[in-house]
Amino acid sequence: MHYQPVVYRPPFEANSLLLQVTRGCSHNSCRFCTMYRDVDFAAEDISQIAGDIAEARAALPYVRRVFLENGDAFCLPGEDLEKIASMINEAFPEVQVISMYASIRNIADKTDEELRRLHDLKVGDLNIGVESGSDEALQFLNKGYDSGEALRQLLRLKSAGISYGLNVIFGCLGHGRSAELAKDTAELINKTNPFLIFTGTIHADPGCELYEDMTAGRFEECTVGEYLDEEIEFLENLDSPGTFYFGLHPANVIPVQGMLPEDQERILGELKAGKSQKSLAELNAHPVRGSEGAIYR
Ligand code: SF4
């Protein structure tokens, strides 16, 4: 198989066949992201992809899921994605889902008919870093869309039958601005009802604008207490039946997970209990960083 040196996948795709169809990320300028900063974006050659599919088929007797690499593989033109999905379906008739990272911008450049055809070719469970429902936060993070556009495009995906999970980031505007974000983000989730929400707190590694903001003192991260308050308020405003709440990112203050709404009260209880057990000094401190690439299991 053919992989660039840096390959990411969501934790839920641990057992999927990873098939590289692009290198890097077509946007590559979110304020907090260093994932593909050193990689020039490119689409893989179709013959390369066909060769990788043949190699995987020869090695793997059963492939249930395929995850298309890299940062926003859904940016490929609809026609190209249809070609790749058709090749996958032909080689692996047993495949159930072809998933990938996608952005709101990637949905906008596809027609409704293209989205429906991709759904028919088993494209689904897209992982979308929507991050926030606050326009100010989305602009600060340089996501390239506002919450109205996110809502429009996610509803188009839903109409086409393409399932998706949404990533949410707490603390997008930093210290003192946390409380106002929770309701906006919950409202976006409630209107779009993803099958999964993957939550995390904002963090930055060297090499991105947010890291420069932090080291220059222009951005102060939220405290442990602020992150917990935002997550609690977010959950208290969530009304998204059938959504799995995945809060196991190591950037989170307290790991929680469960199905909404049946586990919602339990998750809230765990967050509130965890908060009450912390001292004032712990609540006023910033989270310890360093293992953001890992996932609690
Ligand atoms: S967060 Fe996603 S869309 Fe933004 S630069 Fe990173 S990989 Fe690209």
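Student: In this structure, what is going on with the sheet that holds strand β4 (residues 65-69)? I would like to understand it.
Tutor: Two strands in a sheet stick together by hydrogen bonds in their backbones, pointing the same way (parallel) or opposite ways (antiparallel). With respect to topology, eight strands assemble into an open sheet ordered β1-β4-β5-β6-β7-β8-β9-β10, the strand pairing being mixed. On the outer flanks of this sheet lie β1 (17-20) and β10 (256-259), each paired with one strand and no other. Strand after strand, the sheet turns through a mean of 25 degrees between neighbouring axes, direction not considered. Note: strand β7 (residues 164-170) against strand β8 (residues 196-201), six bridges, orientation parallel. When the bridges of β8 are listed, N167 appears paired with F198.

Student: Would you take a moment to explain the domain arrangement of the chain for this structure?
Tutor: Many authors give the size of an interface as the accessible area that is lost as the parts come together. Along its sequence, the chain is organised into domain 1 (1-124) and domain 2 (129-286). Of note, the centres of domain 1 and domain 2, computed from C-alpha atoms alone, are 26 Å apart. Taken together, the 24 residues of domain 1 in the interface contact 33 residues of domain 2. Interface area for domain 1 against domain 2, summed over the two sides, is near 2300 Å², with a carbon-plus-sulfur share of 63%. Considering only the side of domain 1, the residues that lose the most area to domain 2 are R31, F32 and I104, jointly responsible for 36% of the buried surface there. In this structure, the connection of domain 1 to domain 2 is made through three salt bridges. Here E209 makes a salt bridge to R37, at a shortest N to O gap of 3.2 Å.

About the criteria used
- Residues numbered from 1 in each chain as written.
- Predicted model: local features only at pLDDT ≥ 70, side-chain atom pairs only at ≥ 80, totals over all residues.
- Heavy atoms only, no water.
- Pairing = 2+ DSSP bridges.
- Helix = DSSP H or I, 4+ residues; strand = E, 2+ residues; numbered from the N terminus.
- Axes fitted to C-alpha atoms, helices over the stretch in contact; angles between N-to-C directions.
- Domains from an automatic or database assignment.
- Contact = heavy atoms within 4.5 Å.
- Buried area = accessible area lost by both parts, 1.4 Å probe.
- Salt bridge = Lys/Arg side-chain N within 4 Å of Asp/Glu carboxyl O.

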